[in-house]
Structures are given as structure tokens and as C-alpha cells.
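Structural description and commentary
Residue-level listing of the chains:
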Amino acid sequence: MKKSLVALALTGTLAGASCGVHAQSSVSIYGTLDAGIANRSGPNTPTVVGKRDNNKLGFRGVEDLGSGLKALFQLEIRYEPDTGTIESNSRPLFQGQSRVGLQGDFGTVRLGRGLTAFQETSTGYEPWSGMPAVAGYQTDLQVAGYTSDPLSPAGNSLNRFSNAVFYNTPLIAGIFQLNVTVASKEANNNPAIIGRGTALAPQFPANSQAAVVPYSVSATATQGKFSAYAAYERNAVDTTLWSVGGWFKPIEPLKLMATYQKQDQEESVLINPETKGWVLGANYVLGAGLIRAGYGQKRPDNQFNDPGIAKTRQYSIGYDYNLSPRTYLYADATRKKAVTAFNFVSVGIHHNF
Amino acid sequence: MKKSLVALALTGTLAGASCGVHAQSSVSIYGTLDAGIANRSGPNTPTVVGKRDNNKLGFRGVEDLGSGLKALFQLEIRYEPDTGTIESNSRPLFQGQSRVGLQGDFGTVRLGRGLTAFQETSTGYEPWSGMPAVAGYQTDLQVAGYTSDPLSPAGNSLNRFSNAVFYNTPLIAGIFQLNVTVASKEANNNPAIIGRGTALAPQFPANSQAAVVPYSVSATATQGKFSAYAAYERNAVDTTLWSVGGWFKPIEPLKLMATYQKQDQEESVLINPETKGWVLGANYVLGAGLIRAGYGQKRPDNQFNDPGIAKTRQYSIGYDYNLSPRTYLYADATRKKAVTAFNFVSVGIHHNF
Amino acid sequence: MKKSLVALALTGTLAGASCGVHAQSSVSIYGTLDAGIANRSGPNTPTVVGKRDNNKLGFRGVEDLGSGLKALFQLEIRYEPDTGTIESNSRPLFQGQSRVGLQGDFGTVRLGRGLTAFQETSTGYEPWSGMPAVAGYQTDLQVAGYTSDPLSPAGNSLNRFSNAVFYNTPLIAGIFQLNVTVASKEANNNPAIIGRGTALAPQFPANSQAAVVPYSVSATATQGKFSAYAAYERNAVDTTLWSVGGWFKPIEPLKLMATYQKQDQEESVLINPETKGWVLGANYVLGAGLIRAGYGQKRPDNQFNDPGIAKTRQYSIGYDYNLSPRTYLYADATRKKAVTAFNFVSVGIHHNF
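Quick look at the structure, then. Here the structure is a predicted model, which means the values were calculated and not measured.

1. What to know about the overall build of chain A
- Secondary structure assignment for chain A yields three helices and 17 strands.
- Taking 353 residues into account, the globule formula puts the C-alpha radius of gyration at 20 Å, and chain A, at 22 Å, falls close to it.
- Projecting the C-alpha coordinates of chain A onto the three principal axes gives extents of approximately 75 × 60 × 50 Å.
- Of the contacts made within chain A by residues no fewer than 6 positions apart, 54% connect residues no fewer than 24 positions apart.
- When the accessible surface of chain A is summed, it comes to about 13200 Å², and 60% of that surface belongs to carbon and sulfur atoms.
- For chain A, the distance from the average site of its 31 positive side-chain charges to the average site of its 25 negative ones is 3 Å.

2. A few points about the relation of the copies chain A and chain C
- Mapping chain A onto chain C calls for a screw motion: a turn of 120 degrees about the axis and a shift of 0.0 Å along it, with 0.0 Å RMSD after fitting. On this basis, the relationship between the two copies can be described by a three-fold rotation axis.
- The two copies present different faces, since only 8% of the interface residues in chain A are matched by interface residues at the equivalent positions in chain C.

3. A word on the packing of aromatic side chains
- If you walk through the whole model with that rule in mind, you get 33 aromatic pairs over all chains.
- For the pair Tyr328 of chain B and Tyr330 of chain B, a centre-to-centre distance of 6.2 Å together with 65 degrees between the ring planes defines the contact as edge-to-face. Pair check on accessibility: Tyr328 of chain B and Tyr330 of chain B agree, each one buried.
- When the centroid spacing of 6.2 Å and the interplanar angle of 35 degrees are considered together, the rings of Tyr215 of chain C and Tyr232 of chain C count as tilted. With Tyr215 of chain C in strand β9 (residues 215-223) and Tyr232 of chain C in strand β10 (residues 226-234), this pair connects stretches of sequence that are 17 residues apart.
- The class of Tyr232 of chain C is partly exposed, set by a relative accessible area of 34%.
- Counting every residue linked through ring pairs, the aromatic cluster contains Phe59 of chain A, Phe59 of chain B together with Phe59 of chain C.
- A cation over an aromatic ring shows up here: Arg99 of chain A above the ring of Phe166 of chain A, its NZ or CZ 4.5 Å from the ring centre.

4. A few points about the relation of the copies chain A and chain B
- The transform that puts chain A on chain B rotates by 120 degrees and translates by 0.0 Å along the axis, for an RMSD of 0.0 Å.
- Here only 11% of the contact residues of chain A are again contact residues in chain B; the copies associate through non-equivalent surfaces.

5. Thoughts on the interface of chain A and chain C
- With 65 residues of chain A in contact, the opposing surface of chain C contributes 47 residues.
- Roughly 4600 Å² of surface becomes buried between chain A and chain C when both sides are summed, with 65% attributable to carbon and sulfur atoms.
- Taken together, chain A and chain C are joined by zero salt bridges.
- Along the contact surface separating chain A from chain C lie eleven residue pairs in polar contact (both at pLDDT 80 or more).
- It is strand β1 (residues 28-40) of chain A that contributes the most residues to the side of chain A that touches chain C, seven residues altogether.
- Its residues assigned to classes, the side of chain A that touches chain C comprises 26 nonpolar, 27 polar and twelve charged.

6. A few points about the environment of Tyr125 of chain A
Residue and element names in this part refer to chain A.
- Take Tyr125: it is sitting in the loop between α2 (117-122) and β7 (160-168).
- Distance from Tyr125 to Thr220, taken between C-alpha atoms, is 11 Å for residues 95 residues apart in sequence.
- Of the polar contacts made by the side chain of Tyr125, one reaches the side chain of Ser227; its length is 2.6 Å.

7. A word on the interface of chain A and chain B
- If you look at the interface, chain A gives 47 residues, while chain B gives 65 residues.
- Taken together, the two surfaces of chain A and chain B that pack against each other cover about 4500 Å², and 65% of this comes from carbon and sulfur.
- Summed over the shared surface of chain A and chain B, the number is zero salt bridges.
- Our enumeration of links across chain A and chain B arrives at ten residue pairs in polar contact (both at pLDDT 80 or more).
- Counted by class, the side of chain A that touches chain B contains 22 nonpolar, 18 polar and seven charged residues.

8. A few points about the nonpolar core
- Ranked by size, the top nonpolar core spans 61 residues in total, and within it Leu57 and Phe59 of chain A, Leu57 and Phe59 of chain B together with Leu57 and Phe59 of chain C carry the most contacts.
- Residues within four places of Phe59 of chain B in sequence aside, it is in contact with Phe59 of chain A, Val27, Ser28, Ile29, Tyr30, Phe73, Gln74, Leu75 and Ile77 of chain B together with Ile29, Leu57 and Phe59 of chain C.

9. Here we look at the side chain of Gln314 of chain A
Residues and elements named next belong to chain A.
- Position of Gln314 among the secondary structure elements: in strand β15 (residues 312-322).
- Residue Gln314 is classed as buried on the basis of its relative accessible area, which comes to 1%.
- Within polar-contact distance, the side chain of Gln314 engages the backbone oxygen of Val134 at 2.9 Å.
- In this view, Gln314 contacts Val134, Ala135, Gly136, Tyr137, Leu141, Gly294, Tyr295, Gly296, Thr334, Arg335 and Lys336; residues no more than four positions away in its chain are not counted.

10. Let's talk about the environment of Val182 of chain A
Residues and elements named next belong to chain A.
- For Val182, the position within the fold is in strand β8 (residues 176-183).
- Residue class for Val182 comes out partly exposed when judged on its relative accessible area of 34%.
- Measuring from C-alpha to C-alpha, the distance between Val182 and Lys262 comes to 20 Å, with 80 residues separating the pair along the chain.
- With residues up to four places along the chain from it excluded, the contact list for Val182 reads Asn163, Ala164, Val165, Val213, Pro214 and Tyr215.

11. Describing unusual backbone geometry
- Unusually for a residue other than glycine, Asn272 of chain A sits at a positive phi of about 50 degrees.
- Counting through the fold element by element, Asn272 of chain A comes out in the loop between β12 (254-264) and β13 (274-286).
- The backbone of Ser67 of chain C sits at a positive phi, close to 55 degrees, despite the residue not being glycine.
- By the element assignment, Ser67 of chain C lies in the loop between β3 (55-66) and β4 (69-79).

Calculation criteria
- Residues numbered from 1 in each chain as written.
- Chains lettered and ligands numbered in written order.
- Predicted model: local features only at pLDDT ≥ 70, side-chain atom pairs only at ≥ 80, totals over all residues.
- Heavy atoms only, no water.
- Helix = DSSP H or I, 4+ residues; strand = E, 2+ residues; numbered from the N terminus.
- Rg over C-alpha atoms; globule rule 2.2 N^0.38 Å.
- Contact = heavy atoms within 4.5 Å.
- Areas by Shrake-Rupley, 256 points an atom, 1.4 Å probe, with all protein chains shown as cover.
- Lys, Arg positive; Asp, Glu negative; His and termini not counted.
- Charge placed at Lys NZ, Arg CZ, Asp CG, Glu CD.
- Least-squares fit on C-alpha atoms with pLDDT ≥ 70 in both.
- Phe/Tyr/Trp six-rings, centres within 6.5 Å; stacked < 30°, edge-to-face > 60°.
- Buried < 20%, exposed > 50% of the residue type's maximum accessible area, 1.4 Å probe, protein only.
- Lys NZ or Arg CZ within 6 Å of the ring centre and 35° of its normal.
- Buried area = accessible area lost by both parts, 1.4 Å probe.
- Salt bridge = Lys/Arg side-chain N within 4 Å of Asp/Glu carboxyl O.
- Polar contact = N/O pair within 3.5 Å; in protein donor to acceptor, adjacent residues only side chain to side chain.
- Nonpolar A, V, L, I, M, F, W, Y, C, P; charged D, E, K, R; others polar.
- Core = buried A, V, L, I, M, F, W, Y, C linked by side-chain atoms within 4.5 Å.

Encoded structure:
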């Protein structure tokens, strides 16, 4: 407020449209703080303090523009509670998302950075709700090892488009929705990627523009006990992925899930460019608790030329105990086997605010 | 709150003056999210997602101390919505400003980091309201290529003082205001600047103290249809700038603007140390819209020793369509010609919260 | 809000426990902005803009879970107001703390990153209230030169545990409290530390796991005019510290303080591994003002093998003038002598929000 008064006094007037003054706050603060204690089998693996979910501190708002039109924005910080750093100590400040747009009868259109249509849709069909838990499947098997953003800076995340337009239709007939994300080809400070080139002449030199326009499309249909999705995505190095999945609630407390996905990296990988993954999952509500279970496979991992060796298998079981609608305690156990195997267990607390 | 209870319990008591406990929140959150789609002419220039204005997420407050005295603070994050990073992926977290101070009959005095008196004043006389739009003039022609902070870290912005004291008089006789910014000479981790030295003996080695005390002064006079300013600034490498400008509203919806500025870099530049710039601009309110237009020149750019070659010319036209007092859509087109020329067009959405 | 609606529409449903939707905001924003002008004696020491206290922007909340149980979280950004950067331009975004936990009859248990039990307790017995003021004693003499986190990244702070569990008992019999912090041994990207090794074979290579489990314990007893504490801490390189201290209020406005601490670095330092420090302090409330005074010694500093040379002595006097319960002006003066001596004076403003 003060700043504005000084600015007004300084300059006599300000063009209203570019001025930050307004009558009332229109910002909601929200977030998640999830921290736990975990142990992974193997040599030299001390018990650690870690997380099951992404940790968020976000700011968002909706402005009613009249005639059914709304302006909306969202900024979401991601961080690591065990060390206090931004996510992975390397990602953008607003790693979660930074988007602004309009919503109306036509649906929702937004500009900025966020999860792609495929990545956002698929979280609803994964037994750990898309959380990046070690016991969960979202970041590896659920996407068949695919990354949405291979030309991003080192240490960046794998499931977002920067410099993108995001469109969601409204819910059609109460059942269907279509979601589209298209990114620009602009360079984004990637490190060099050798790909099908050589160390001296990498296929993608540092700070490359995208080889193709990256895009992502997903469609969902949900009615009563059933829901299904189909998605197709192409990233900046022309890797493509398609995925289908669904859930079914045979009885109210039980949600059964299944997904299948296939990644094709033939434009940038010489050996085993195709990866296939599938995941089966279940959620069961039991009183104040939620039981999570899953099994999945992925093969071959393209780092190896023997498909038999590279097959990844993962079994997981988890439990949430709700202390309130905002807070729960959890325990996870998983076994994941690729070339080598490890077991992982964790307990923790998950708090939304 | 919790923290404080624990802390109190831990230590038995706390000196009230250094403790964060208080009865009620006194913080306003505000900000801007501006994103658009833009294209620049030339080879290898894909359509990009960019911005017209600075993007802000700020926190500020005013505390009434009684007897007309107020304490005030402001912290402003700047960020890039297309990638989610902090501004330019290199600037301070609170790039916008971080200041605390007092306001009373004597005016406003603040300590910290913020726009210099000249830079803040001049935004009110620029046809794009001081926004860093490619179509706008603020960051180049409006300041004759000058930078307020040449001894700052690489990638930093060009228009602020760190380690500074900011003073604004109250509005005098309803017409006049004087603004003064003075910075300390302390070093701030600049990379080496060769200047009038050599690569082996740069004029300003890395992490140099300022050669002189940087300061900035601006004065404004505003009455009815007329406003004018004059400003003088000296930065840490003893470059000086003076600038004058004014606006005139012949009819209510029309604001005509003109500014002139001259930069003298003779203390750190050997060839063509002087740069002169001028800008003419107009804003016209048309219903819910605002038309922006401008023309400006700058010469010579000191990178070249032929003034004829180095002359910069820029023509711009823009349009804001207000969806509400807080949200507008915009379109800009500009042509800028220095040694080479480019055209630039953009459309986008600007949302204040 | 918007995000959630879109997400719901996209996926049909979301597991309630992992979803960010909730009815009302539960976040308090708080902070401190402290900035001043300071001068240190010696050659090449310009007057600077600096700080007396840590600068904070925090987010915290408490959720009542019923039956006396509460969930609580706290995230605290630290920053430098003179340049707008995060603290020291190198520390974690949430340098202050990032913790989540539960509070009940059993006390408070939290997970994440924060001050150790010793470091948090000792601030209440230091004449500058634990502020990192140059005139204060907290960061050097109050801890006998000890660092809680030697295996943290370069530029990190010295008084916190990452990857830790924090437990505080309730206040027992209205008098006693026990506080325990235990950290994991996980590596945290430290640079190599030679220690008792060699440059080629450092005792702690880069990204080392802790040699021992770091922990910190403190106990306090407070009744009426008296308070005392005892603390013991061991860090990741097996340096240990013990400390005792107390305060006494002979008359209401006067608080007298004394502490003694001894650091033992024999596991990582060859010469003079022991350091002893003591601090005497007083706070005196005088109308709207607070007078602070202190004297302390530390010896030997282990960088030198002549204890006589390495003795550190510091004298300080300070004054706070409260403009309100949230805002005060201050002045400090100190003289500190180790191998060389310097004087330091500062004046500034401290504003809580």
C-alpha cells in the first residue's frame, strides 16, 4: 500500500491497467508439508528423513469477470522439508506451476508452466494418487520411464512443459473432458544431449531449440463406478508416449486401477528405443484409513540391450491414517527389482494447509 | 504461533522486542502474473511464451505508530511465469524490492534495495508505464542505455540500488515532490569489469567497492493537466545520467509524454562515452481499452565508434483491453533498428492480484 | 481453487487424503525486516547497509485435531534486505526452518530442518536475544566457535540440523522442559573437509555421511526470578559441546545472564581441539527502551597454536527504542579483539509483521 502511495506521489498518476493497487486481497495460500523417516535396503544406506508427497507452498486466486468469465492464476513453490531447499535444490522456484488464464463456457485456457495433460490426468489412475513416493508408480512405471521435458536444465523435473499453453474443455455431458498442452520450441538452457549424435557432435547441443513442437493430449470419461483415460504426448526430442488406463469401483470403498503405457524414443536412442509399462493398483477405504496396493512392470529399460535383464518389477503396499481431512499419518513398503533389487519402508506425516 | 509457544517454553521468556509474536496478521499479499505469446522476426526465432510486464509476488504492510508516524515494509519476489524461475533465473529472490522504513510528516525514509529515485520516477512518463515490454522504452531508450547498478552480480537488473537509503518528501503544496536515493560503496560480488583498464588489470576487479558513492535524485511537479520531472543519477563506476520529461493531457483520455536523457560514461568507457536518448509517447483511453504509442531514438551506442551506425530507433504501438480493473488482455507491435532491425509482436494476459 | 476444480474434472475424483482442497485458509504469515547502517573500523571498510537480526518471511499454521492433539507446520524464508537475496545468497530457501509435526499431552514432535535443541535454548540466555548482531554473542562466543552442521553445503549456516526429528516435552510442573534433536546420518552435499586427513585423503570427502548420529539435548528450569539451562550436543564430525547458563532478575526491569560452553573437536582437529567460551550479559528495560550489555571471552581459537594469541574478547553495548510492540529503532557498539581488534557501530530499524 505504502509503495503505491509513494509511487503515486512520485509520478502524479499511473496508468490504471499496469498498477498493482486494488481494493482487497484475492490470494489464497495453500500447501503441503510431508515428512517422514525412511530406510532403503543395501550397503551404505542410512535411515533418512524424506518425503512421500511433493511439498508445496502455493498462491492462487480466481477473479469473477462477469458473464461466466473468470481470470485465474496459480503459483506453486516446491521444496524439500528435510533440508529447507527448493525441490531437488535445483528446480525453478515455482516448480509446481506458474500459470495465468481465463475460464468460461469454452473451458479453461492458461499460459505458463505446469504438468502436461497426460501427466496431470494419469495421477488419478495411480494407486499412490500420483505422489512421487518411492512406493508409488507415477514417476517411473506409470510413465514407462518417459520424460516430458528432456531439454530442460539439469536437475529439472520430468513431467512438465515450460513455455506452454494449457487448454481443458469443460466437463461434456457430465462425463467427458479433453485436455491439450502445447509448448513453444524455444530453448531452455539444457545441457548437451548426445542422443544419436556423438560426444563431439551431440544430437542436441547445449541450449537447443526443440526438434518438434512438444504437445500432450488426454481424454477422460467418468460415469458412476467407471472412469477411463487415453493420452498421447510428444516431447522436445520427438519421443512419443501413449497411455490408456481406467478405474472401477465394484463397491464404494474399493477403487481398482489399471494403466498401460508405451514410450517410443527411436528419434534419440539407438538401442531398445521402446519401453512398455503397466501398473495395477487398488485403494481401499477402511474407517479413517486408506489401504494402497500396487504392482507394476516396465521393460526393457533402454540402458541395457538384454530385455531380460532390464525388466523392472515393483510391489508396494501403503496405509494412510487420517487424523483429520487435512492431516494423515502414513506407512509404505515396497520392493523394486531391475538389474538389482531393493526394499524400502517409510513412515511419516502429511499435512495440508 | 506454535513455534512461539515452543520457544517460550524452551527459554522461559524472550525479549519482547526481538520476538515474532504479535496479535494479528499485518501482511498484504499482492502480485502480477503476465504471460503472452510473442514472435520476433529473424532466423531461428521460434514463437515463444513470454511476458510484457514484470511478474511479481509481494508482501507488504503498514503499521500505524500513532502521531502520524507509520512503519512500513515491502518484499517483492520477481519471477518468470513461462519457466517458473526467479526473474532471469539469476536475480535476487526479492528482486522487486526489500525495504523497511518510516513515514511521517517529514516524508518517507526506507532502507534496503529498490528502484532508484530516477528509475522509479521515469516510469510515469513512459508510454508502456515503465513495463519492460519489448515494445516499451523503459529499459533502453528511456534511460539512454544507462545502468544504475554496474557492480552487481552477473545477470542482475539494471535499475536498482542495493545497500541504499531511500527518501521521498511528502507532496509539497500538492504539486512538488523530491526523491533521493543514496547507496553505500560496499562491494556486491560483481564480476571483473575491464573498463579503462586491461584484461589483466581491469578497472574494476571482481567484488570491487564502488569508485564513488552512488546516488540518484529526482524532482516532480504535477498540477492538473501537466506534469514534469528532472533527475540526476551517478552509479558506482561514476557514470552519470540526467533526464528530464513531462506529460500533458490536452483532453481527459489523452496523455502525451516526452523525455530526454543523457548518459556520460567517460570514467569507464574510452570510445563514445556519451549516449543521448529521447522518447515520445501517447496513451489514449478508448472505452475499456487503452491505446499506447511511442517513438524513440538513442545514439551513439558506445559499443561502436561510428555514431551513424549505432543510432537506435524504435516505433511501437500497443493496446490494452480491460476485462476488469485487475485484468486485461494486450497486444503489442514494435520495430527496433540499431545495426540490424527486428520486428516484434505479442499478445497476452495481465492479471493483478 | 481453480486448479482443484480442473484437477477434479480431469480425473473424476481424487483420493481425499492427498488433495490440496480444504475449506479455509489456515496459514499465518509473519516475519521480520531489520535493516540498518553500520561501520566497522579498519582499512577499506566503507559504511554499509546491514542488519542486526535475521530477516524472516514465514508461513505457519496449527490445526486442532481434537482430543488435545494438534498438527502444526512452519516454513521460514530467510533473506538479506540490503540486497534482496536469500540469506547469505547461498542458504536454503527455508533456511529459518521447515518442520511439520504433532503436539499433544506428550509434548511436541516435529520432522524437518530447524535450530538444534541447544542452539534454540541458548538464545534466551544471550544479551542480544540470540540475534546474529555483530555486537551480539550468539554466533561465536555463546557457542565457543562450535558449528552444529559442519557437513552441510558451503555457505550454509552453523546452528541447524537438516534431516532431523525434534522433540520438546511439555512444561513439567510449570518449571522444567527437556528438548531433544536427533538427525540422520545421510549425506548433504558438503565440500571435502581435510580434518585429520590430508588434502589427497580428506577425513570427510565431498558428500560424506555423518561419522556419528548428530544429536542435541537441552534442559531448562525456570521459576520466578531464576532460569537455568544445561545442554549437550554432538555434530556429524563427532565434535561435542556442552553448555550451561542462567539468568536472574534481581529487580523486574533487569535481567542478568551468564553462560559457559566448551567445545571438543579432538575427532577432527589436531591442534588445540578444545575451545572454551563464556558470556556475561544484562538487559535493562528503561521506559520504552531496552539497554543491552555484554562481555565475553573465548580461547583458544583452534586455528592458532599459541593460546595467548588466540584469546577472543568482546565488549558490547546496545539500545532498543520501541516505537510499538512490533517496531523498534536500535543502536549497537562493540569492540572485539582476537589476533587483531575491530570496533563496530550500527543504527537501524527492526520491524516485525
